[in-house]
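# Overview (structure and organization)
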Amino acid sequence: MKYILITGGVISGVGKGVIASSIGAILRACGLRVTAIKIDPYINIDAGTFSPYEHGEVFVLDDGGEVDLDLGNYERFMDIELGRDNNITTGKIYQQVIEKERRGDYLGKTVQVVPHLTNAIQDWVEKVAAQPVIDTRNPNSEPQVPDVCVIELGGTIGDIEGMPFVEAFRQFHFKVKSDNFVVVHVSLVPQTSVGGEQKTKPTQNSVKELRCLGLVPDLICCRSQQKLNDDVREKLSNFCDVDPEQVICVEDCSSIYHVPLLLEKQNVIEILTRRMKLTVNADLAKTGLQKWHQLADAVEKLQKKVTIALVGKYTKLTDSYTSVNKALEHAALKCKRKLVIRYIDAADLEQQTKKTDPDRFVQAWDELSTAE
């Protein structure tokens with residue numbers, strides 16, 4: 001089993017989920033069997049009791065698991081079916097360790113973060129990674145044991161909540177051996193509004209923190225507004241102690257369907273397969289990625305618009321309705337229409353709003369009535 005750990009730096013919400021999904025997608029295109037795990041360092045047992053304003057929508061899996069929305073991206077990008085155990089939280093780990101302690105499984109020993117909590121994390125990852133996965137492209141086929149497990153560690157490096165997980169993976173790296181474990185660090189390269197200079201210092205500090213905690217990045221995926229300049233890439237290479245080819249630029253795109261192609265264009269398949277000593281068919285990879293080229297091109301060619309009004313309670317955060325958005329987006333693409341979603345707060349359509357804020361009431365009804 002090969003493991004790819006995705007970590008984040010500088011800020012959360014930098015795009016680790018899409019990059020993790022895209023790495024899984026390009027490996028799938030090579031003919032490899034892939035699974036995924038999302039780690040959320042919060043103490044909640046699962047995402048079921050969250051307000052959508054906390055982390056976006058709660059994605060419900062086929063087995064009823066209420067999980068982070070990133071697992072929805074994994075399923076869509078990798079064409080696999082995941083279960084509740086593919087989402088690990090601090091709460092689940094503590095619950096498991098405490099239950100074992102109450103049963104006396106630790107034989108009277110002092111239960112500590114190291115080794116008991118870190119061992120529980122490693123055991124969970126190994127167990128879930130080895131579970132056969134259903135290929136949703138061929139739902140009637142037998143579930144197969146994966147070749148590669150993509151693991152996304154939520155939050156940012158240095159967060160106190162994530163420390164037990166970082167330590168667990170530091171140990172895990174030696175347990176599974178270097179050829180079977182790859183670290184991909186996703187960081188932000190901000191750009192100044194005056195002059196437009198791309199600043200590398202936040203990423204340098206983030207990688208330094210990662211190294212101090214015992215994890216060495218094999219790839220640094222740099223999120224930026226625009227493509228990285230060559231001198232910026234060279235600077236990151238020098239100060240982060242990686243080859244220039246290991247600095248991957250993931251600039252803002254018109255759609256997320258371009259991200260797997262960005263990674264493939266920068267030889268991420270070759271780097272990962274060489275690093276993990278995997279043998280893949282280059283022709284198969286090219287054929288497998290063809291659908292991503294077609295999808296990205298189809299999105300770019302859309303001209304005629306279709307306007308859909310989405311009325312809801314949590315419309316201030318569009319991630320609250322990610323699955324609905326994706327369903328509408330895919331339907332619009334099938335109909336060769338460019339989707340425009342109008343988010344309307346349900347409260348603005350109520351008679352009470354007509355009394356307290358008539359302008360807002362009229363505007364909401366106007367947006368609703370003029371949508372298609």
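What comes next concerns the included structure. If you're wondering where the values come from, they're calculated on a predicted model, not measured in any experiment. Counting restarts for each chain: residues are numbered from 1 in the order of the written sequence. At least 70 in pLDDT is required for a residue's local features to be given in this predicted model, at least 80 for side-chain atom pairs to be given and counted, and no such filter applies to totals for whole chains, interfaces and linings, which use all residues. Note that water and hydrogens are dropped before the side-chain values are worked out from all heavy atoms of the structure.

### Remarks on the pattern of salt bridges
The term salt bridge refers to a side-chain nitrogen of Lys or Arg lying within 4 Å of a carboxyl oxygen of Asp or Glu. Inspection of the entire model under this criterion finds 23 salt bridges. A salt bridge links Lys291 to Asp79; the shortest N-O distance between them is 3.0 Å. Of the two residues, Lys291 is situated in helix H12 (residues 290–301) and Asp79 in the loop between helix H3 (70–78) and strand S5 (80–81); the sequence distance between them amounts to 212 residues. Residue burial is assigned from relative accessible area. The probe radius is 1.4 Å, only protein chains are included, and a residue is buried under 20% of its type maximum, exposed over 50%, and partly exposed in between. What makes Lys291 partly exposed here is its relative accessible area of 37%. The residue Glu101 makes a salt bridge to Arg102 at a minimum N-O spacing of 2.7 Å. For Glu101, a relative accessible area of 30% gives the class partly exposed. In this structure, a network of salt bridges that share partners links the residues Arg28, Asp79, Asp135, Arg137 and Lys291. The numbering of helices and of strands both runs from the N terminus, where a helix is a DSSP run of H or I of at least 4 residues and a strand a run of E of at least 2.

### Focus: a nonpolar patch on the surface
Where nonpolar side chains cluster on the molecular surface, the patch consists of Tyr94, Ile98, Val113 and Val114 and spans about 320 Å² of accessible area. Elements represented by at least two residues in the nonpolar patch include exactly helix H4 (90–103) and helix H5 (113–129). Only residues whose relative accessible area exceeds 30% and that form no salt bridge enter a patch; like-charged residues are grouped when within 9 Å of one another, and nonpolar side chains (Val, Leu, Ile, Met, Phe, Trp, Tyr) when within 5 Å. Residue-level accessible areas treat just the shown protein chains as cover; the underlying method is Shrake-Rupley with a 1.4 Å probe.

### Structural notes on the packing of H5 against helix H6 (residues 163–176)
Between H5 and H6, the least distance of the axes is 9 Å, while the angle of their chain directions is 65°. Relative to H6, the element H5 lies roughly perpendicular. Of the two elements, H5 crosses H6, and the hand of that crossing is right-handed. Side by side, H5 and H6 meet where Val113, Val114, Leu117, Thr118, Asn119, Ile121, Gln122, Asp123, Val125 and Glu126 of the first sit next to Pro164, Phe165, Glu167, Ala168, Phe169, Gln171, Phe172, Lys175 and Val176 of the second. Asp, Glu, Lys and Arg are counted as charged, while Ala, Val, Leu, Ile, Met, Phe, Trp, Tyr, Cys and Pro are counted as nonpolar; the rest, among them Gly, fall into the polar class. Looking at the contact of H5 with H6, its residues break down into eleven nonpolar, four polar and four charged. To obtain an axis, a line is fitted to C-alpha atoms, over the contacting stretch when the element is a helix, and the angle between two such axes runs from 0 to 180 degrees between their N-to-C directions. Working definition: roughly parallel below 35 degrees, roughly antiparallel above 145 degrees, roughly perpendicular at 65 to 115 degrees, and oblique for all remaining angles. The handedness criterion is simple: a crossing whose near helix is rotated anticlockwise from the far helix by less than a right angle is left-handed, and one whose near helix is rotated clockwise is right-handed. It only takes one pair of heavy atoms within 4.5 Å for two residues to be counted as in contact.

### Brief notes about the packing of aromatic side chains
Pairing of aromatic side chains here covers Phe, Tyr and the six-membered ring of Trp, requires ring centres within 6.5 Å, and sorts the geometry by plane angle: under 30 degrees stacked, over 60 edge-to-face, intermediate tilted. In total, this model carries nine aromatic pairs according to the counting rule given. Note on Phe172 and Phe181: the rings are 6.1 Å apart at their centroids and 75° apart in plane angle, and the pair reads as edge-to-face. Judged on exposure class, the residue Phe172 and its partner Phe181 are both buried. Among the aromatic side chains, those forming a connected cluster through ring pairs are Tyr3, Phe169, Phe172 and Phe181.

### Description of the packing of H4 against H5
Contact geometry of H4 with H5 gives a least axis separation of 10 Å together with a crossing angle of 115°. In terms of their interaxial angle, H4 and H5 are classed as roughly perpendicular. The way H4 lies across H5 gives a crossing that is right-handed. Packed against H4, whose contacting residues are Lys92, Ile93, Tyr94, Gln96 and Val97, the element H5 presents Val113, His116, Leu117, Ala120, Ile121 and Trp124 at the interface. Split into classes, the residues belonging to the contact of H4 with H5 amount to eight nonpolar, two polar and one charged.

### A closer look at the nonpolar core
The biggest cluster of nonpolar side chains holds 49 residues, and the ones touching the most others in it are Ile4, Ile6, Ile23, Val184, Val250, Leu263 and Leu272. Dropping the residues within four chain positions of it, Ile23 is found in contact with Ile4, Ile6, Val184, Leu263 and Leu272. Among buried residues, the Ala, Val, Leu, Ile, Met, Phe, Trp, Tyr and Cys ones that are joined through side-chain atoms within 4.5 Å form a nonpolar core.

### Overview of the sheet that holds strand S8 (residues 148–153)
For two strands to be treated as a pair, DSSP must find at least two bridges joining them. Ordered by their spatial adjacency, seven strands build an open sheet running S6-S2-S8-S1-S9-S10-S11, and the pairing between neighbours is parallel. At either margin of the open sheet sits one strand with a lone partner, and together these are strand S6 (87–89) and strand S11 (247–251). Neighbour-to-neighbour, the strand axes of the sheet open up by a mean angle of 20°, direction not taken into account. Looking at chain direction, strand S10 (residues 219–224) and S11 are connected through five bridges and run parallel. The residue bridging Cys222 from the neighbouring strand is Cys249, located in S11. Against the sheet, H4 makes contact with strand S2 (34–40) and S6, and its axis sits at roughly 70° relative to S6, the strand it touches most.

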